[in-house]
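Geometric and topological summary
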Amino acid sequence: MRGGLIALFAATFLELCGLFMYGPLLLFTLKARGLEEAWIGLFGAVQWLGMALATPFTAGWVRRLGARRALLLAAAVPLVAYAGINLSEAVPLWALLYLIAGMAGALRWIVAEAMVAELAPPERRGRIVGLFETMVGLTFVVGPACLSALTGAGLEASWIRWLAVGLLAAALLLSLRVPALHSHLEDDGARPGLSGILDALRAAPAVMAAGLIGGFFEAGLASVLPLYGLAIGLGAALAALLVSASGLGSAVMMVPVGELVDRIGRQAVWKLCALVNLAATLLLPWVGEAGALAWLIALLWGGAGGGLYTVAMIDIGHRHQGVALVSATAVLVMSYTLGGMMAPALGGMALQWSPQTGFPLLLAAWALAGVLAITLMPDRAPRPPRPARSATSD
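Residues numbered from 1 in each chain as written. Predicted model: local features only at pLDDT ≥ 70, side-chain atom pairs only at ≥ 80, totals over all residues. Heavy atoms only, no water.

Points about the overall build of the protein
Worth spelling out the cut-off: Each helix is a run of H or I in the DSSP string that is no shorter than four residues. Each strand is a run of E no shorter than two, and both are numbered from the N terminus. Burial classes follow relative accessibility: with a 1.4 Å probe on protein chains only, a residue under 20% of its type's maximum area counts as buried, one over 50% as exposed, and anything between as partly exposed. By definition in these notes, contact holds between two residues if any of their heavy atoms fall within 4.5 Å.
Each helix and strand in the protein was counted, giving 15 helices and 2 strands. In the protein, which comprises 394 residues, the proportion classed as buried is 52%. For the protein, contacts bridging at least 24 residues in sequence account for 84% of all contacts bridging at least 6.

Below you can see the structure in the form of structure tokens.
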């Protein structure tokens, strides 16, 4: 299992680095062609649309294909899609291929997370899932940094796009080293598709709550933090650094969170992350007197928000395997994405209304809701961990 985990980590790292190089470069290319910002923004949203469309069907695909074949499919489709974009000049075709790549991205996200949770030994699942989430967070930095370095070195955009495709090809080859899991063949009563997602949600609604609150504070607020920085009097450069502080918190806290789960249990760490998130939010009224406090708050939001997601992933890894694990992971991914979408919309309105009062009240209400949900929501689906069985092929 150790070799399979290493291959899965490496394949995911290379694929995400390639994606985070290719995506911004593609938008720059559209800008250079003279497209208006509104159209470019819609093009960028196409990938997220594909992810939203595909998420409810991932469990059914895993049941039919098996986890390993689903992972290979999810690695092959973006490779073909981005190679097709490189070979074409038709923007409508680019949008279609970008949509398809987004659908494969949802499958990759959910299957990779589920396989890490299932391949990890139960006694070290917290540490391994924490390491995986840290690695994923680093790709948000490494991919764009590589793009910036290559662009600064004078390499043509077309060559960089093919280099990104090369990273996707390497990720596909590494994915071949991931072992097969046969848990999807076991008849555990799990239903695929939307029905399975609803079953997982009814069984553990706290997972939905953790994903929603975590996505709101970790991913969604990243879009609002620069605006908040400007509202409290920071310059543009310093306001932008609030996003870096949030990302730093997310990157450095996932392994400690995973270690704590292994030592003191999931429920205790879940509550701790929710309480830290609330405590950080309650510091907002004092930012006006101590501007540097904003960076500490952003760092805590990134760490606690990411921690809520990580503990939720560990929790469902302990409960489920096979199709049920994929369905539960889909619930977590959907709720995290929903939280990430809601934060900029609600946060922007609150900032426009009142940066000093409305914004802190909104965030405090969300943070408090997270504490109450994780503390009070019923837990109806305890399952003892079962060892995953592997073979050479599905």
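Here we look at the environment of Ser-335
Relative to the helices and strands, Ser-335 resides in helix α14 (residues 322–353). Considering only alpha carbons, one finds Ser-335 and Gly-211, 124 residues apart in sequence, at a separation of 5.0 Å. Aside from chain neighbours lying at most four places away, what touches Ser-335 is Val-207, Met-208, Gly-211 and Leu-212.

A few points about helix α3 (residues 58–65)
Each turn of an α-helix holds 3.6 residues, which means side chains three or four residues apart point in the same direction. For α3, every residue scored as buried is listed here: Thr-58, Ala-59, Gly-60 and Val-62. Of the residues flanking the end of α3, it is Gly-66, one or two places downstream, whose phi is positive at about 90°.

Quick look at the nonpolar core
Heads up, the condition is: For the purposes of this section, nonpolar cores are sets of buried Ala, Val, Leu, Ile, Met, Phe, Trp, Tyr and Cys residues that join through side-chain atoms within 4.5 Å.
Judged by nonpolar contacts, the single largest core of 108 residues is most densely connected at Tyr-82, Phe-217, Leu-221, Trp-270, Trp-301 and Leu-363. Take this core: its biggest share by element is 13 residues, from helix α5 (residues 91–119). Apart from the residues within four sequence positions on either side, Phe-217 is in contact with Asn-277, Thr-281, Trp-301, Leu-363, Trp-366 and Ala-367.

Here's the deal with the packing of helix α13 (residues 293–319) against α14
As a reminder, the rule being used: Axis definition: a line fitted to C-alpha atoms, limited for helices to the stretch in contact. Angles are taken between N-to-C directions and run from 0 to 180 degrees. Oblique is the label for any angle not covered by the other classes, which are roughly parallel (under 35 degrees), roughly antiparallel (over 145) and roughly perpendicular (65 to 115). It is the rotation of the near helix from the far one that decides the hand of a crossing: anticlockwise by less than a right angle makes it left-handed, clockwise makes it right-handed. Charged means Asp, Glu, Lys or Arg here, nonpolar means Ala, Val, Leu, Ile, Met, Phe, Trp, Tyr, Cys or Pro, and polar covers whatever is left, Gly included.
α14 packs onto α13 with a crossing angle of 165° between their chain directions and a minimal axis gap of 9 Å. Considered as vectors, α13 and α14 are oriented roughly antiparallel to each other. Crossing of α13 over α14 shows right-handed handedness. Residue-level inspection shows Tyr-309, Ala-312, Met-313, Ile-316 and Gly-317 of α13 in contact with α14, the latter providing Leu-325, Ala-328, Thr-329, Leu-332, Val-333 and Tyr-336. Of the residues in the contact of α13 with α14, the class split is 9 nonpolar, 2 polar and no charged.

Some thoughts on helix α7 (residues 157–175)
Threshold: Multiplying 1.5 Å by the residue count of a helix minus one yields the expected span of that helix. This arc describes the spread of directions from the helix axis toward the C-beta atoms.
With 19 residues, α7 extends 27 Å between its outermost C-alpha atoms, agreeing within 8% with the 27 Å of an ideal straight helix rising 1.5 Å per residue. Within the span of α7, buried status applies to Ile-160, Arg-161, Ala-164, Val-165, Leu-168, Ala-171, Leu-172 and Ser-175. One side of α7 carries all its buried residues, which in axial view fall inside an arc of 145°. Facing away from the buried side of α7 by more than 90 degrees, the exposed set consists of Trp-159 and Leu-173. Those residues of α7 that are buried are in contact with α1 (2–32), α4 (67–86), α5 and α6 (125–152).

Considerations on the packing of aromatic side chains
Formally: A pair of Phe, Tyr and Trp rings is counted when the ring centres sit within 6.5 Å of each other, with Trp represented by its six-membered ring. The angle between the planes then sorts it: under 30 degrees is stacked, over 60 is edge-to-face, the rest tilted.
Here the structure, examined in full by the defined rule, presents 9 aromatic pairs. Ring-pair connections join several aromatic residues into one group, and the members of that group are Phe-216, Phe-217, Trp-301 and Trp-366.

Some words on the environment of Ile-232
Residue position: Ile-232 is located in the loop between α10 (225–231) and α11 (236–264). Spatially, the C-alpha atom of Ile-232 lies 7.6 Å from that of Pro-355, the residues being 123 residues apart in sequence. Ile-232 has contacts with Val-287, Ala-294 and Gln-356, leaving out every residue within four places of it along the chain.

Focus: the confidence of the model for the protein
Operational definition: In predicted models, pLDDT denotes the confidence assigned by the predictor to each residue on a 0 to 100 scale.
The predicted model of the protein has a mean per-residue pLDDT of 81, with 87% of residues at 70 or higher. Mean pLDDT across the elements of the protein bottoms out in strand β2 (residues 390–391) (42) and peaks in α4 (93). Below pLDDT 50 for its whole length, residues 381–394 participates in 40 contacts with residues either more than four positions away or in separate chains.

Things to note about a nonpolar patch on the surface
To keep things clear, this is the line we draw: Within the patch definition used here, like charges are joined within 9 Å and nonpolar side chains (Val, Leu, Ile, Met, Phe, Trp, Tyr) within 5 Å, considering only residues with over 30% relative accessible area and no salt bridge. In short, Shrake-Rupley with a 1.4 Å probe defines the accessible areas, and a residue's cover is counted only from the protein chains shown. Here, a salt bridge means any side-chain nitrogen of Lys or Arg that lies within 4 Å of a carboxyl oxygen of Asp or Glu.
On the surface, Leu-93, Leu-96 and Ile-100 cluster together into a nonpolar patch covering about 230 Å² of accessible area. Mapped onto the secondary structure, Leu-96 falls in helix α5. For Leu-96, a relative accessible area of 45% corresponds to the partly exposed category.

Points about the pattern of salt bridges
What the rule picks out here adds up to 4 salt bridges. Salt-bridge contacts for Arg-108 lead to Glu-15; the nearest nitrogen and oxygen are separated by 3.3 Å. In this pair, Arg-108 sits in helix α5 while Glu-15 sits in helix α1, placing the two residues 93 residues apart along the sequence. Taking the shortest distance from any N to any O, the salt bridge between Asp-315 and Arg-266 comes out at 3.0 Å. In this pair, Asp-315 is assigned in helix α13 and Arg-266 in helix α12 (residues 266–282), connecting sequence segments 49 residues apart.

Side note on the side chain of Thr-329
Note that Thr-329 resides in helix α14. For Thr-329, a relative accessible area of 0% corresponds to the buried category. Here Thr-329 is in contact with Ile-110, Glu-113, Ala-114, Met-313 and Ile-316, once residues within four sequence places are set aside.

Observations concerning the side chain of Asn-277
Counting through the fold element by element, Asn-277 comes out in helix α12. The residues touching Asn-277, leaving out its near neighbours within four places in the chain, are Ile-213, Phe-217, Trp-301, Ala-304 and Ala-367.

Brief notes about the packing of α5 against α6
The N-to-C vectors of α5 and α6 enclose an angle of 150°; their axes lie 9 Å apart at closest approach. Judged by the angle between their axes, α5 and α6 are roughly antiparallel. α5 and α6 meet at a crossing whose hand is right-handed. Of α6, the residues touching α5 (which contributes Ala-112, Glu-113, Val-116, Ala-117 and Glu-118) are Arg-125, Ile-128, Val-129, Phe-132 and Glu-133.

Section: the environment of Ala-292
Within the secondary structure, Ala-292 is located in the loop between α12 and α13. Since its relative accessible area comes to 56%, Ala-292 is described here as exposed. Along the chain, Ala-292 and Leu-234 lie 58 residues apart, while their C-alpha atoms are 9.9 Å from each other.

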